[in-house]
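This is what each chain is made of:
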Amino acid sequence: MKIRKRILGISGSTRVNSSNHKLLHAIATIFTDQIELSIFDGIEKIPHFNPDIKDAHIDNQVTIFRELISQADGVIICTPEYAHGIPGTLKNAIDWTVGSGEFSGKPTLLITASTEGTSGHQALLEVLKVIEAKNIDQLQLLVQYIRSKINQDGEIIDKDTLSAITRLGQQLIVTIDEANEE
Ligand SMILES: Cc1cc2nc3c(=O)[nH]c(=O)nc-3n(C[C@H](O)[C@H](O)[C@H](O)COP(=O)(O)O)c2cc1C
């Protein structure tokens, strides 16, 4: 029996009815035989990043966030764009990993699912490149007009989006296998 990959899902939206949350759940359903997805639910509890705060004084939520990334075989980030940029809550959480390096070499899939999303997607891609997320140039997708592409039940109703996500999910799994062989 094949062991399912442990994937950490991170949503850049804290909205209850978020399309990005729905997208993460949809991915878990599509790949139910291959991945075990747990969604990080403490992003808004992470304190403001401050490089003066050293190890012994790091907030527990930050430690949990870092450990969950480290323990995961791969990460999927689904996020909207806010004001043509990365949502502050998400960027703040990622900033806590820059020095400690949890994303370095970690197979990571970035999906920006927004109304337009171009600038935020590019900005986050650049961040993930600089913190060395594995294969990030390939493992990325911008889904525009997301609210017309996923329904209230969390089903992806746009054929092209569904096929792009299915292809990228497979590519994430291949990248994880490659990372494990290195
Ligand atoms: C504060 C705020 C700023 C936003 N700015 C943008 C933006 O610059 N570009 C864009 O494509 N969508 C923007 N949106 C709309 C979001 O893309 C849209 O609400 C999306 O559904 C949010 O994702 P969610 O459903 O996962 O919360 C903004 C929404 C909010 C609340």
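Residues numbered from 1 in each chain as written. Predicted model: local features only at pLDDT ≥ 70, side-chain atom pairs only at ≥ 80, totals over all residues. Heavy atoms only, no water.

As recorded in an unreviewed UniProt entry, the protein chain goes by the name NADPH-dependent FMN reductase, listed as coming from Arcicella aquatica.

Q: I tried to follow the environment of Leu128 on my own but got confused; where do I start?
A: Checked against the element boundaries, Leu128 lands in helix H4 (residues 118-130). Distance in space between the C-alpha atoms of Leu128 and Ile146 is 22 Å, their sequence separation being 18 residues. Every residue in contact with Leu128, bar those within four places of it in the chain, is listed here: Ile77, Phe103, Leu110, Ala133 and Ile136. (Helix = DSSP H or I, 4+ residues; strand = E, 2+ residues; numbered from the N terminus. Contact = heavy atoms within 4.5 Å.)

Q: So what exactly am I meant to see when it comes to the nonpolar core here?
A: Nonpolar side chains tend to gather and get buried jointly when the protein is soluble and globular. Grouped together as the largest cluster of nonpolar side chains are 26 residues, with contacts concentrated most on Ile10, Ile77, Leu90, Phe103, Leu124 and Leu128. Among residues more than four places away in sequence, those in contact with Leu90 are Ile10, Gly12, Ile43, Ile77, Thr79 and Leu124. The next biggest cluster of nonpolar side chains, apart from the first, holds 25 residues, and it includes Ile111, Leu139, Leu168 and Ile176. (Core = buried A, V, L, I, M, F, W, Y, C linked by side-chain atoms within 4.5 Å. Buried < 20%, exposed > 50% of the residue type's maximum accessible area, 1.4 Å probe, protein only.)

Q: How should I be thinking about the packing of helix H1 (residues 19-30) against helix H5 (residues 159-181) in this particular structure?
A: When two helices pack together, their arrangement is captured by the angle between the axes and the distance separating the axes. H5 packs onto H1 with a crossing angle of 65 degrees between their chain directions and a minimal axis gap of 11 Å. Read as a crossing pair, H1 and H5 show a hand that is right-handed. On H5, the residues that touch Leu23, Ile27 and Ile30 of H1 are Leu162, Ile165 and Thr166. Among the residues forming the contact of H1 with H5, the class breakdown is five nonpolar, one polar and no charged. (Axes fitted to C-alpha atoms, helices over the stretch in contact; angles between N-to-C directions. Left-handed = near helix turned anticlockwise from the far one by under 90°. Nonpolar A, V, L, I, M, F, W, Y, C, P; charged D, E, K, R; others polar.)

Q: I'm lost on the site of the ligand in this one. Help?
A: Near the ligand there are 15 residues, and of these Ser13, Arg15, Ser18, Glu81 and Glu116 occur at the shortest range. At 2.9 Å from an oxygen atom of the ligand is found a main-chain nitrogen or oxygen belonging to Ser19. Side-chain polar atom of Ser114 to an oxygen atom of the ligand: 2.8 Å apart, as the coordinates give it. With the chains in place, 73% of the 620 Å² that the ligand exposes on its own is no longer accessible. The residue inventory of the shell around the ligand, partitioned by class, reads three nonpolar, eight polar and four charged. (Near = heavy atom within 4 Å. Polar contact = N/O pair within 3.5 Å; in protein donor to acceptor, adjacent residues only side chain to side chain. Areas by Shrake-Rupley, 256 points an atom, 1.4 Å probe, with all protein chains shown as cover.)

Q: Would you explain the pattern of salt bridges in this entry?
A: Two side chains carrying opposite charge are able to pair once their charged atoms lie near each other. Under the criterion given, the structure shown has five salt bridges. Between Lys5 and Asp177 there is a salt bridge, and its shortest N-O distance comes to 2.7 Å. One end of the pair, Lys5, is in strand S1 (residues 5-11); the other, Asp177, is in helix H5, and 172 residues separate them in sequence. You can call Lys5 buried: its relative accessible area is 12%. According to the relative accessible area criterion, Asp177 is partly exposed, its value standing at 28%. In this structure, the salt-bridge partner of Asp137 is Lys129, at a minimum N-O distance of 3.4 Å. (Salt bridge = Lys/Arg side-chain N within 4 Å of Asp/Glu carboxyl O.)

Q: Sorry if this is basic, but what is going on with helix H2 (residues 60-71) here?
A: For an α-helix, the turn length of 3.6 residues means that residues three or four places apart are oriented alike. Compared with an ideal rise of 1.5 Å per residue, which puts twelve residues at 16 Å, H2 spans 16 Å between its outermost C-alpha atoms and is within 8% of the ideal. For H2, the complete set of buried residues consists of Gln61, Val62, Phe65, Arg66 and Ile69. Looking straight down H2, one finds that the buried residues subtend no more than 135 degrees of arc, so they occupy a single side. In the core, the buried residues of H2 are packed alongside S1, strand S3 (74-79) and helix H3 (88-98). In this structure Asp59 caps H2, since a side-chain oxygen of it lies 2.8 Å from the backbone nitrogen of Gln61. (Expected span 1.5 Å × (residues − 1). Arc of directions from axis to C-beta.)

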